[in-house]
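# Results of the structural survey
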Amino acid sequence: MSSKVLMAAKGLEIRFGGVVAADDVNIEIHEGHNLAIIGPNGAGKTTFLNICTGYLKPHRGSVTFDGRDVTGLAPRRLVRMGVARAFQIPQLFTEHTVIENLLIAAAAQARRWSPLTPIATIPERGEMLHLLDMVRCAHIADRPVSELPEGQRKLIDIALALALKPKLLFMDEPTSGVASSEKFEVLDIIAKALAEAKVTAVFVEHDIGIVERFADEVAVWNRGEVLFRGVPGEILSHPDVIRDVIGETV
Amino acid sequence: MNLQLFALAFFDGIAYAALVFLVAVGLTLIFGVLRVLNVAHGSFYAMGAYATASTVGAIVAAGYSPWLAFPMMIIASALIGGLIGGPVEKLLLRRIYDMEEVLQILVTFAVFMILEDVQRLVWGVQPYFESSALMVLGTVDVLGITYTAYQLILLPVVAILVLVGLRIFLRHTLSGKLILAVTEDREAATAIGVNVDRVYLVTFVVGASLAAFGGALASATTSVIPGMGADMIVLSFAVVATAGLGRIEGAAITALLIGLGRSFAVYLAPELDVLVPYLIMLAVLLVRPEGLFGMAHTRKI
Amino acid sequence: MRSILPALIVLLVAVTPVLAPTSQVLLTLAFAKGLAVLGIIVLLQAGQVSFGHALYFAVSAYVAASVARSFGGELVTTLLAGVAAAAVVGLVVGVFVVRYRYIFFAMLNLAVSMIFFALLEKFYYVTGGSDGLQVPRPTVVGLTLERGEFETILFYGALVLSLLAAWGTHRYLASPLGNMLRAIKTNEVRLEYLGVSARSTLLSGYVLSAALCGLGGALMAVAQGIVTPEYAYWVRSGEFVFIAILGGSGSVAGAFVGALIYEGVRTYAAAFASDIWQMVLGIVLLVIIIFGPSGVTGLYQRLMDRLVGPARPRGAGDSERAPGAAE
Ligand SMILES: Nc1ncnc2c1ncn2[C@@H]1O[C@H](COP(=O)(O)OP(=O)(O)OP(=O)(O)O)[C@@H](O)[C@H]1O
Ligand SMILES: [Mg+2]
C-alpha cells in the first residue's frame, strides 16, 4: 500500500474495570482507502472510534493524524483538523428541526458566529438542502428530529458529519436501523459523495454484503484486538472469521 | 497559633463537621437513589432545629427534666422526616422523575420556597435558643481547654454511629440491600421485582430525617434563625459535590475537611470563614469535576 | 393577528405616565426585573438554571451606586458602568461555572452569590453593610432633574432599553450562536463533534445573561435610590427564576410579561400575603411546571392556535421558540 498514511494508531490500550476494550491496537488508515471494521458485539470497535476521535484518551499508545500527534486532543480540535464522525446511536439536537440541525453544522464549519444574523439565512442553506436531498431526507427538512424513526435519524447523523467536509470520516454502523431495502442505495449515494469529495471513510459494519461492496480493506476486531486485516475478498472468506464473526452476526 | 488555639480550632471543626455530615449524608443518600438533588434538604435541617428548640424549650419551661431533650431530638426528626418528607416524595417528587433535569431542580426549589414560609408561619421570625441538652452533659478538660462534652464527644460519636449504622443497614439488611440495588441499576432492580416506589419513599424519609436530626442536634449549640436552611443546603451541597455525588463515606471525609478548614479559618483569617468551604469545593471541582471520591462516567455514544 | 395583543400591551404600557402616573415607578421596576429575567431565559435555552444571578444584579447596582456617588453621576455612564462590571464579573465567574451542568451549575452560582452577599454585609465600610448605599439621582445629559421628570425619563429609558434588549436577545437566540446555545441542552457531544466548544458557547450566553441582569440591577438602583445586600440575596435569584417560568421560559416576551404580572400582583397581593409570599410563589411554580410548563406566553400561543389556527409551519429555522413581543 503506497498511498499516504492519514491516521495511525500505535499500541492503543484502554480498559474499563476488568474489560479490555483496546489491547495493543496498531492500525494505519490510508488516504483514499475505505476501511471496514467488523467484529462481534463488545469487541471494542466503538471504543476504537472513540479514541481516534478524541472522545476517550487511551491509557497507553498514540494516535497521529496527518503526521501530527493528536492523542487525547478534544473531539472539536480533531474536527477542525478534518476528522468527522457519525455515531452508532445518532447524536442529534432533538429540540431542533432536521434542517436546523444541518444549519448548525454548516454554521460551525463555516465559522459563522455573528450573533445577530438568523441562522435560517446563512448562505450555506442551499448546500444543506442539497445534502438532505442526497440522503433522501429533503421531505422531512422541517420536521423536529425527535419525531423521526431511527433509520432517518442515522441518515441525518451522517449528513451532519458530511456537512463538515472532512478529510477522514468515521461511521459507526451507518446502516443499522436503516430499512434493508434502502441500505445499499443510500450507501451507494454516500460512497459516491465521499469519493467525489475525496473523503476517506472508516466504517464499522455488521452487514457483510455492505462491507464487500464498499470497503477497500477490512479489519477484524475481537476483545480489543485486531485479529486480521486485509482485502475483503481474503478476509471475509477466512475460516476463522467466518466462524467467529460472520457466523455470529448474520 | 499556639497549641491551645490549635486544639480549640480542631475541636470546633470536629463538632461542626459532625453536624454538616449528618445533613450531607442524607442529601447524598437521596441523590444516589432518586437521582434528584433535593434543594429543599436544608429546610428539613431547619425544621428539625425549630421543632427541637421549641418543644425542648416548652418541656424545660414546664419543669420536666432537660434530659428529655435527647429523646425529643429523635422524635422530632423522625416526625419531620415522615410527616413532611414522606408526602413531599409521594405527592410531588414522584411526578418529576421522568422530567427534564432543569425542571426537577425547579420543583425541589419550589418546595424549598414553600417550606421556608412554613417555618416562618409555624415558628415566627424571632430566634430560638435552647441549650439544655448542651448544659446537662457538662464539660470536659482536654489539653488545658474546657470544652462542652456535647460538642466534643456526643456529636462526633453520633456522626460515627450514623455512618457505621448506615453501612450496616445498607449492606446487611434487606431494605438496605434493596436500596443499594436500586442505586446501582434501577432498571435491573425493577425487572427482578423490587418495589422501586417504596424504596424511593423510604430513602427520602430516611434522608430527610437525617437532615432534621442534624438540625435537632445543632439547635442545642446555636440560635435557630430564619435563613439557616438556605445556608445549610449550600454548605451540604458543597460537601457532597466535593466528595462526589452519592458517596457516603466520602461525604464523611469531606465534611471533616470542610469543617476543619472553616474552623481554622475562624482563627486564622476571620473575614474568610464563610468562604473557606466554597474555596475548598471550587478547588476540588476544578481538578476533579466528579469530586474526590466520585467516578467520572462517559456517556455511551 | 396574534401580534395584536402584544402590540396593544406595549402601547398601553407606553402611555402609562399619562394615564396612570402612579404606576410609573412600578413599571420601571418591572422592566428592571424583566431585563434580569431575560438573562435567566438565555441560560434556560441551554437547559441550565442559575440560583445565583442576583449576584450580577447586585454587582451592577453597587457599581452604579458608587459611580453615581463619586463622579457626580450621569445616567448613561452610571448604567454603563454597572453593566460593564456585571459582564466582567460574569466572564470571570463564567469561565469557572460553564464547566458544570444542571444542579452543579445551579448550586455553584448560588454559592458564588451567597459569598458575595456575605461580603457585602461584612465589608460595611465600603458597601454600607446591611443598610446599603444611597444612590443620588444621576443627571441626564448634564441636566439635574426634578424627581417627577427624572422618573418619567427613567421609565421611557427602561421601556426603550427593554425593547432593545428583547430584540437583541431574540436575534441572538435565532443566530447560529444562539442555536448552538440551545443545542447544549440536547446534545453537547454532537456540538463538540461539530467543532464547537460547548463551554465557550455557554460562556457567551452566560456573559450576555450577566450583562442583562446587570442592566436590570443598575436600573433598579437608580429607580429606587438605594442599594442593599438584599439585591444579591438568593430570594431575589429565586424570584428571577420564578418570573422566567411564570412568563414562559421559551420566549423573550415571557420575561417582561412575567415581570409585569409579577410586579402587579406583588404590589397589590403581597400586602395580604406578605408572610406567605414565598409559599405562594412556590405553589404557583409547582402548578406551572406540573400543568403548564410553557408559562403565560405559552398559554397565549396555545389560545391563539385555537382561535386563528397554528402559526406558520414549524422550522422556519428562526423564532420558533422565541417569538418576540414585536412579532
Ligand atoms: N465508557 C465505558 N465505560 C465502561 N465500559 C465501557 C465503556 N465503553 C465501552 N465499554 C466496554 O468496552 C467493551 C467494548 O465496547 P464497544 O462499545 O467498543 O464495543 P463494540 O465493538 O462497539 O460493540 P457493539 O457492536 O455492541 O457496538 C464493552 O464490553 C463495553 O461494555
Ligand atoms: Mg459499537
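Residues numbered from 1 in each chain as written. Chains lettered and ligands numbered in written order. Predicted model: local features only at pLDDT ≥ 70, side-chain atom pairs only at ≥ 80, totals over all residues. Heavy atoms only, no water.

### Describing the overall build of chain C
Scanning chain C from N- to C-terminus turns up 15 helices and 2 strands. Its C-alpha radius of gyration of 19 Å places chain C within 12% of the 20 Å reference for a compact globule of 327 residues. When the backbone C-alpha atoms are referred to their principal axes, chain C occupies close to 55 × 45 × 40 Å. In chain C, which comprises 327 residues, the proportion classed as buried is 61%. Sequence-distant contacts in chain C: of pairs separated by 6 or more residues, those separated by 24 or more amount to 79%. (Helix = DSSP H or I, 4+ residues; strand = E, 2+ residues; numbered from the N terminus. Rg over C-alpha atoms; globule rule 2.2 N^0.38 Å. Buried < 20%, exposed > 50% of the residue type's maximum accessible area, 1.4 Å probe, protein only. Contact = heavy atoms within 4.5 Å.)

### Brief notes about the interface of chain C and chain A
Every contact between the two is made by 29 residues of chain C and, on the other side, 37 residues of chain A. Summed over both partners, the interface of chain C with chain A comes to about 3,100 Å²; 61% of that surface belongs to carbon and sulfur atoms. On the chain C side of the contact with chain A, Arg190(C), Tyr193(C) and Leu194(C) bury the most area, a combined 26% of that side's loss. Where chain C touches chain A, the interface holds 3 salt bridges. A salt bridge links Glu95(A) to Lys185(C), with the nearest nitrogen and oxygen atoms 3.4 Å apart. Put simply, the parts of the chain that give the side of chain C that touches chain A at least two residues each are α8 (147-174), α9 (176-186) and α10 (188-192) of chain C. Residue contributions to the side of chain C that touches chain A peak at 8 residues, all from α9(C). Per-class residue counts for the side of chain C that touches chain A are 12 nonpolar, 9 polar and 8 charged. (Buried area = accessible area lost by both parts, 1.4 Å probe. Salt bridge = Lys/Arg side-chain N within 4 Å of Asp/Glu carboxyl O. Nonpolar A, V, L, I, M, F, W, Y, C, P; charged D, E, K, R; others polar.)

### A few points about the coordination of the magnesium ion (ligand 2)
All names here are of chain A. Around the magnesium ion (ligand 2), the protein contributes the donor atoms Thr46 (OG1) and Gln88 (OE1), at 1.8 to 2.1 Å from the metal centre. Highlighted residues: Thr46 in helix α1 (residues 45-52) and Gln88 in the loop between β6 (83-86) and α3 (98-109), separated in sequence by 42 residues. With a relative accessible area of 17%, Thr46 lands in the buried category. For Gln88, a relative accessible area of 24% corresponds to the partly exposed category. (Donors = N, O, S within 2.8 Å, 3.2 Å for Na, K, Ca; no water.)

### Considering the site of ligand 1
In the vicinity of ligand 1, 15 residues are found, and the nearest of them are Gly42(A), Thr46(A), Thr47(A), Gln88(A) and Thr298(B). Proximal residues around ligand 1 fall on chains A and B, making this an inter-chain site. At a separation of 2.8 Å, an oxygen atom of ligand 1 approaches a polar backbone atom of Lys45(A). Between ligand 1 and the protein, one listed contact pairs an oxygen atom with a side-chain N or O atom of Gln88(A) at 2.8 Å. (Near = heavy atom within 4 Å. Polar contact = N/O pair within 3.5 Å; in protein donor to acceptor, adjacent residues only side chain to side chain.)

### Some thoughts on the sheet that holds strand β7 (residues 168-172) of chain A
Residues and elements named next belong to chain A. Pairing is mixed across the open sheet formed by 6 strands, whose spatial order is β6-β7-β8-β3-β9-β10. Among the strands making up the open sheet, the edge pair consists of β6 and β10 (225-230). Pairwise comparison of adjacent strand axes, ignoring direction, gives a mean angle of 15° for this sheet. In this sheet, strand β8 (residues 200-204) lies alongside β7 in parallel orientation, the contact comprising 5 bridges. Within the sheet, the bridge partner assigned to Asp172 lies in β8 and is Val204. Lying on the sheet, α1 is in contact with β3 (35-38), β6, β7, β8 and β9 (217-222); it crosses β7 at an angle near 150°. Set on the sheet, helix α5 (residues 150-163) makes contact with β6 and β7; between it and β6 the angle comes to about 175°. (Pairing = 2+ DSSP bridges. Axes fitted to C-alpha atoms, helices over the stretch in contact; angles between N-to-C directions.)

### Notes on the side chain of Thr127(C)
On the secondary structure map, Thr127(C) appears in helix α7 (residues 124-127). Residues contacting Thr127(C), with those up to four places away along its chain left out, are Tyr62(C), Leu120(C), Gly132(C) and Leu133(C).

### A few points about the confidence of the model for chain C
Residues and elements named next belong to chain C. Residues at a pLDDT of 70 or more form 93% of chain C, whose mean pLDDT is 84. Confidence drops under pLDDT 50 across residues 313-327; counting only partners more than four residues distant or on other chains, this segment forms 45 contacts. ipTM for the predicted complex: 0.93, alongside a pTM of 0.89. (pLDDT = per-residue confidence, 0-100.)

### Details of the interface of chain B and chain C
Of the residues lining the interface, 43 residues belong to chain B; the matching set on chain C comes to 41 residues. In total, about 3,900 Å² of surface goes out of reach between chain B and chain C, with carbon and sulfur atoms giving 83% of it. Counting the contacts that link chain B with chain C gives 1 salt bridge. Lys185(C) is the partner of Glu100(B) in a salt bridge, and the nearest nitrogen-oxygen pair spans 3.5 Å. In this assembly, chain B and chain C are joined by 6 residue pairs in polar contact (both at pLDDT 80 or more). For the side of chain B that touches chain C, the secondary structure elements donating two or more residues are α4 (101-123), α10 (228-243) and α12 (276-287) of chain B. Per element, the largest residue contribution to the side of chain B that touches chain C is 16 residues, and it comes from α4(B). Here the side of chain B that touches chain C is composed, by residue class, of 32 nonpolar, 1 polar and 10 charged.

### Examining the nonpolar core
Ranked by internal contacts, the top residues of the largest apolar core, which has 312 residues, are Phe48(A) and Phe51(C). The leading source of residues in this core is helix α1 (residues 3-34) of chain B, at 15 residues. Among residues more than four places away in sequence, those in contact with Phe51(C) are Val39(B), Ile105(B), Leu106(B), Phe109(B), Ala106(C), Asn109(C), Leu110(C), Ser113(C), Ser237(C) and Val241(C). One finds Ala7(B), Phe11(B), Ile145(B) and Leu152(B) within the second-largest nonpolar core, a separate group that totals 5 residues. (Core = buried A, V, L, I, M, F, W, Y, C linked by side-chain atoms within 4.5 Å.)

### Remarks on the UniProt feature "transmembrane region" (unreviewed entry) in chain B
Under the UniProt annotation, the feature "transmembrane region" (unreviewed entry) is placed at residues 14-37, 44-64, 70-93, 105-129, 149-170, 199-218 and 275-296 of chain B. Counted over residues 105-129 of chain B, helix gives 76% and strand 0%. Its end C-alpha atoms are 33 Å apart. (UniProt positions renumbered as here; feature names shortened; annotations may be inferred.)

### So, unusual backbone geometry
Residues and elements named next belong to chain A. If you check the backbone angles, Asp66 has positive phi at about 55° while not being a glycine. Positive phi outside glycine occurs at Lys165, with the angle close to 50°. For Lys165, a relative accessible area of 49% puts it in the partly exposed group.

### With respect to the pattern of salt bridges
For the coordinates displayed, the defined rule picks out 27 salt bridges over all chains. Arg136(A) serves as the salt-bridge partner of Glu185(A), at 2.2 Å between the closest nitrogen and oxygen. Linking Glu185(A) in helix α6 (residues 180-196) with Arg136(A) in the loop between α4 (125-134) and α5, this pair joins segments that are 49 residues apart in sequence. When its relative accessible area of 37% is taken as the criterion, Glu185(A) is described as partly exposed. Since its relative accessible area comes to 40%, Arg136(A) is described here as partly exposed. With a shortest N-O distance of 3.4 Å, Glu263(C) and Arg266(C) are connected by a salt bridge. Here Glu263(C) and its partner Arg266(C) are both found in helix α13 (residues 252-273), 3 residues apart, which amounts to about one turn of the helix. A relative accessible area of 1% places Glu263(C) in the buried class. If you follow the salt bridges from partner to partner, you end up with Lys33(C), Glu230(C), Arg236(C), Glu239(C), Glu263(C) and Arg266(C) in one network.

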